[in-house]
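This is what each chain is made of:
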Amino acid sequence: MTIHDKTVVTNNKISGIRYGLHYMWSMTNSFKHNYFSNNVSGAAIMFSKRINMEQNIFENNRGYRAFGMFFQTVEDSIVENNLFFNNSIGINSDLSRGNIFRKNTIVQNDIGMEVLGSNWDDVIYENSFIDNLQQVLVNEITINDQWYYGNRGNYWSDYSGIDIEKDGTGDTEHHSGSAFDFFMYKYPHFRLFVESPTAKMLQTVDKMFPVIERAEVVDPFPLLEDLNSRAFLEGMETETSKKAGMITFLVSLVVVLLSIRLLVRLSTRFGR
């Protein structure tokens, strides 16, 4: 929809097209209770203001640079209580400002949320980032968005901190953006090794001795309890991250073994 104001889009199932929903230069619109699957982008919101999206499901929108939803030059909008499941990129936001992302479930996407450095003054809190291959991706050292509101941050399935005070918030910051995430951003084919022993080792060493300066998200108030996903995920046949990780590990193992075999053959041939 181009230049449409004050519209409401509800209770639709949209699959197999380029954009499930497309707003351009549109103001004060809302879409709720829709299901977007197998599109290039479930929703494409561009050059618009005051968009309210609530209780939608974005599932299996896959392909090269495919998105559950992307924001391009969007202002003063609210993204609340949505599910982004098994997309190439759950949420992408670029050149946008003053938006609120809260209480969304972002689960088992290749990249949970991609927030570019051109954004500013967004507030991102009380979302659940669960078992995404890469929870978030940012491309600038200085982040102009806020990943908490008050003393409420987000839930991260890979957070390993504790809550001594029993107030539901982790006692240490959550840093999303490991050295391996940095290499995946620079060299996308590294995703092949995302669950491999080498990746795990690099992530562990990086936590102990962080020597690579890279863009990362810091959540000072990580939540210890996922409050969002149950309503969405009960009854859905989701592929568990363990299964996905095992498949990736087996593929990585085969590649490593083939590489070792090739090196042995080359050394035997040229070592004579």
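Residues numbered from 1 in each chain as written. Predicted model: local features only at pLDDT ≥ 70, side-chain atom pairs only at ≥ 80, totals over all residues. Heavy atoms only, no water.

A. Representation of the overall build of the protein chain. A tally of helices and strands in the protein chain yields four helices and 20 strands. Taken across its 272 residues, the protein chain has 43% of its residues classed as buried. In the protein chain, the proportion of contacts linking residues at least 24 apart, taken out of those at least 6 apart, comes to 50%. Total accessible area on the protein chain is roughly 14500 Å²; 57% of this is exposed by carbon and sulfur atoms. (Helix = DSSP H or I, 4+ residues; strand = E, 2+ residues; numbered from the N terminus. Buried < 20%, exposed > 50% of the residue type's maximum accessible area, 1.4 Å probe, protein only. Contact = heavy atoms within 4.5 Å. Areas by Shrake-Rupley, 256 points an atom, 1.4 Å probe, with all protein chains shown as cover.)

B. Representation of the pattern of salt bridges in the model. Enumeration over the complete set of coordinates arrives at seven salt bridges. K32 is paired through a salt bridge with E54; the nearest N and O atoms lie 3.9 Å apart. With K32 in strand β4 (residues 27-32) and E54 in strand β6 (residues 41-54), this residue pair connects regions lying 22 residues apart in the sequence. The residue K49 makes a salt bridge to E75 at a minimum N-O spacing of 3.9 Å. Of this pair, K49 sits in strand β6 while E75 sits in strand β8 (residues 67-75), and the two are 26 residues apart along the sequence. Owing to a relative accessible area of 33%, K49 belongs among the partly exposed residues under this scheme. Taking relative accessible area as the criterion, E75 reaches 17% and is therefore assigned buried. Bridged by salt links that share partners, the residues K49, E75 and R97 form one connected network. (Salt bridge = Lys/Arg side-chain N within 4 Å of Asp/Glu carboxyl O.)

C. Inspection of the pairing of strand β11 (residues 89-94) at higher detail. In terms of burial, β11 is a largely internal element, six of the six residues being buried. Summarising the sheet, β8 and β11 pair through five bridges and their orientation is parallel. Note that in β11 the partner of M69 across the bridge is I91. Relative to strand β14 (residues 111-115), β11 runs parallel, the two being bridged by four bridges. Among the inter-strand pairings, I91 is bridged to a residue of β14, identified as M113. (Pairing = 2+ DSSP bridges.)

D. Expanded view of the packing of aromatic side chains. Counted under the stated rule, the structure contains 13 aromatic pairs. Aromatic pair F71 and F101: ring centres 5.7 Å apart, planes at 45 degrees, arrangement tilted. Here F71, found in strand β8, pairs with F101, found in strand β12 (residues 100-102); they are 30 residues apart in sequence, far enough to count as distant. As far as burial versus exposure is concerned, F71 and F101 are alike and both buried. Taken together, Y23, F31, F36, F58 and F84 form an aromatic cluster joined through their ring pairs. (Phe/Tyr/Trp six-rings, centres within 6.5 Å; stacked < 30°, edge-to-face > 60°.)

E. The arrangement of the nonpolar core in detail. Among the nonpolar cores identified, the biggest contains 30 residues, and F31, M69, M113 and W147 are the most heavily contacted of them. For this core, the secondary-structure elements that each account for two or more residues are β3 (19-24), β6, β8, β14 and β17 (134-138). Considering every element that reaches this core, the biggest residue donor is β6, with four residues. Among residues more than four places away in sequence, those in contact with W147 are M113, V115, I124, F129, V136, G153, N154, W156, V217, V218 and D219. By size, the runner-up hydrophobic cluster in this structure holds eight residues, among which are M24, A44, M46 and I89. (Core = buried A, V, L, I, M, F, W, Y, C linked by side-chain atoms within 4.5 Å.)

F. Broad picture of the sheet that holds strand β18 (residues 155-156). The parallel open sheet is built from seven strands, whose spatial order is β2-β5-β7-β10-β13-β16-β18. Among the strands making up the open sheet, the edge pair consists of β2 (13-15) and β18. Of the strand pairs in this sheet, strand β10 (residues 83-85) and strand β13 (residues 105-107) are connected by three bridges, and their pairing is parallel. Bridge assignment links F85 to a residue of β13, and that residue is V107.

G. Expanded view of the environment of N29. The residue N29 is located in strand β4 in this model. Taking the C-alpha atoms as reference, N29 lies 4.7 Å from K6; in sequence the two are 23 residues apart. Beyond its immediate sequence surroundings of up to four residues, N29 is in contact with H4, D5, K6, T7, Y23, R50, I51 and N52. A polar side-chain atom of N29 sits 3.2 Å from the main-chain carbonyl oxygen of M27. (Polar contact = N/O pair within 3.5 Å; in protein donor to acceptor, adjacent residues only side chain to side chain.)

In short, geometric facts, not functional conclusions.
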